[in-house]
Amino acid sequence: STSVFDVVEMAPDDPILGLNEAFKTDPRKEKVNLSIGVYCTEEGKVPLLKVVEQTEKKLAEAGAPHTYLPISGIPAFTSGVQKLIFGPDSEVVKTKRAATVQSLGGTGALKVGADFLATVLKNPEAVVSAPTWQNHVAIFESAGFKVGSYPYYDKKTGEIDFPAMLECLKGLKKDTVVILHACCHNPTGVDLTQEQWAQVVEVCRDKGLIPFLDIAYQGFGAGLNEDAGSIRQFADSGIPFFVSNSFSKSFSLYGERIGALTVVCKSEEEAKRVNSKLKSVIRANYSNPPAHGAKIVSAVLNDPVLLQQWHEDLKGMRERIKEMRHLLAEALKKEGAKVDFSFIEDQHGMFSFSRLTPEQVQRLKDEFGVYAVKSGRICVASLNKANVAYTAKAIKEVL
Ligand code: PLP
């Protein structure tokens, strides 16, 4: 008999989640999972931040009922987000010209932003960095965008091909959405300098492009304020732009799906209209957002003591990642690797483009149980003192 689903073809597996499954069932004793984008502690565990644990205890003691949240989320959460991304004394915050809505992680923020933009633009087009986090493409395509790319990472030098990037941006049609990684570029770990950001801002303004800054790792690069430098330059420029931010990594709240979308407008009046439209988009998608993660984050962002404690927690994660970068580069040098890996220490965030070829990545997995993404991306935040030497030895062997 025939079924209505006969036409349904098997969708491709997510390559990274597939690697994670393979890792779990790998019987080898010595194995290292550098494929997944999750921060792990020195003990190899996803942390429960102290500040989160404390806040959850207080929430449990309060015993509040599970009511619906407003469509745009908890007001103390969205106002806290604005101060975090723009800085507490920001003109954007003071003049109330930004509309912020709570979202289902950074992914949800991108999706609501893309859906909203699709209602505004006639022929929606977007560009992403080459390479980028693959979901950027999927999300904007699913919202009806034609998605292209701009040059970013130069495989030959391991650095950004900035002249090519700028040239490409200069040639884009007005109102093209330009998706930018505000800091800690995924997958390469290579970021623009503040001087380069200034030039990107200028091109976006001159050409009437719509910047969409994705910040999923605020605090993992140089610090909370430093990592938001790009966002603040766009805020100073006065042009409209979007910010999707995620607390998945910075609060280690992956499964709570907590983030926000912010649209910076020209006036408070415009921001009010945009906010009402964002709410319609949310309403027709999932009605209103989940509460638990937002309660935790808003409690922390609005309490000076908890905020300070979060800064310390973040600093601990950031510095551990830096130490792992250093130890991996050192260990590779000690192994006598024929390639200079010191570039790993110059990269930012959880990821590093190792510059290993797909064949080398395959051998790492087959011969050593070291799992990396085919592109050569490794998650430095999964390294620890117990596995870094083994990882370096394995890398040296496959070079
Ligand atoms: N944007 C980038 C660049 C990411 O790397 C990620 C997560 O991997 C996200 C957005 C989405 O994060 P979330 O889990 O909060 O949806």
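Remember, it's a predicted structure, so these values are computed and weren't measured experimentally.

**Some remarks on the domain arrangement of the chain**
Piece 1. One can read the domain layout of the chain as domain 1 (15–48 + 307–398) and domain 2 (68–290).
Piece 2. Each of domain 1 and domain 2 was reduced to a C-alpha centroid, and the two centroids are 27 Å apart.
Piece 3. Contact residues are listed per partner, giving 23 residues for domain 1 and 20 residues for domain 2.
Piece 4. When residues of the side of domain 1 that touches domain 2 are traced back to their parent elements, those giving at least two are helix 13 (304–334) and strand 11 (351–353).
Piece 5. When the residues that make up the side of domain 1 that touches domain 2 are grouped by side-chain class, the tally is 13 nonpolar, 7 polar and 3 charged.

**As for the nonpolar core**
Piece 1. Within the largest apolar cluster, 116 residues are counted, with the highest numbers of intra-cluster contacts made by Val178, Leu213, Ile231, Leu328 and Met350.
Piece 2. Examining the composition of this core, we find that 10 residues originate from one element, helix 13, more than from any other.
Piece 3. Two domains each provide a minimum of three residues to this core, namely domain 1 (15–48 + 307–398) and domain 2 (68–290).
Piece 4. In contact with leucine 328, other than residues within four places in its own chain, are Ile344, Leu383, Val388, Thr391 and Ala392.

**A closer look at the UniProt feature "coiled-coil region" (unreviewed entry) in the chain**
Piece 1. UniProt records the feature "coiled-coil region" (unreviewed entry) for residues 307–334 in the present numbering.
Piece 2. The span residues 307–334 is 100% helical and 0% strand by assignment, and the distance between its end C-alpha atoms comes to 40 Å.

**Re unusual backbone geometry**
Piece 1. Here the amide bond leading from alanine 130 into proline 131 is cis, since omega sits at 0°, within 30 degrees of zero.
Piece 2. Inspection of the secondary structure assignment puts proline 131 in the loop between strand 3 (125–130) and helix 6 (134–142).
Piece 3. In this structure, proline 187 follows asparagine 186 across a cis peptide bond, with omega equal to 20°.
Piece 4. Along the chain, proline 187 turns up in the loop between strand 7 (177–181) and helix 8 (194–207).
Piece 5. In the Ramachandran plot, aspartate 175 falls in the positive-phi region, its phi being about 70° despite a non-glycine side chain.
Piece 6. If you trace the backbone, aspartate 175 turns up in the loop between helix 7 (162–170) and strand 7.
Piece 7. Even without being glycine, serine 252 reaches a positive phi, approximately 50°.
Piece 8. Turning to its location among the elements, serine 252 is positioned in the loop between strand 9 (241–246) and strand 10 (259–264).
Piece 9. Note on serine 252: 21 C-beta atoms within 10 Å, which makes it buried.

**A look at the site of the ligand**
Piece 1. In the vicinity of the ligand, the contacting residues are Gly37, Gly105, Gly106, Thr107, Trp133, His181, Asn186, Asp214, Ala216, Ser246, Ser248 and Gly259.
Piece 2. Per-element tally for the shell around the ligand: the top contributor is helix 5 (residues 105–120), with 3 residues.
Piece 3. Looking at the shell around the ligand residue by residue, the classes come out as 2 nonpolar, 9 polar and 1 charged.

**A short note on the packing of helix 13 against helix 15 (residues 388–398)**
Piece 1. Relative to each other, helix 13 and helix 15 sit at 45°, their axes nearing to 9 Å. Taken together, the axis directions place helix 13 and helix 15 in an arrangement best described as oblique. When you trace helix 13 past helix 15, the crossing you get is right-handed. Contacts from Met324, Leu327, Leu328, Ala331 and Leu332 in helix 13 reach Val388, Ala389, Thr391, Ala392, Ile395 and Lys396 in helix 15.
Piece 2. The residue inventory of the contact of helix 13 with helix 15, partitioned by class, reads 9 nonpolar, 1 polar and 1 charged.

**Let's talk about helix 3 (residues 75–86)**
Piece 1. Compared with an ideal rise of 1.5 Å per residue, which puts 12 residues at 16 Å, helix 3 spans 17 Å between its outermost C-alpha atoms and is within 8% of the ideal.
Piece 2. All of the buried residues in helix 3 are Phe77, Thr78, Gly80, Val81, Gln82, Leu84, Ile85 and Phe86.
Piece 3. In the segment just after helix 3, glycine 87 is the residue with positive phi, at about 95°.

What counts, and at which threshold
Residues numbered from 1 in each chain as written. Predicted model: local features only at pLDDT ≥ 70, side-chain atom pairs only at ≥ 80, totals over all residues. Domains from an automatic or database assignment. Contact = placed C-beta atoms within 7 Å. Helix = DSSP H or I, 4+ residues; strand = E, 2+ residues; numbered from the N terminus. Nonpolar A, V, L, I, M, F, W, Y, C, P; charged D, E, K, R; others polar. Core = buried A, V, L, I, M, F, W, Y, C linked by C-beta atoms within 7 Å. Buried ≥ 20, exposed ≤ 12 C-beta atoms within 10 Å, placed from the backbone. UniProt positions renumbered as here; feature names shortened; annotations may be inferred. Near = placed C-beta within 6 Å. Axes fitted to C-alpha atoms, helices over the stretch in contact; angles between N-to-C directions. Parallel < 35°, antiparallel > 145°, perpendicular 65-115°, else oblique. Left-handed = near helix turned anticlockwise from the far one by under 90°. Expected span 1.5 Å × (residues − 1).

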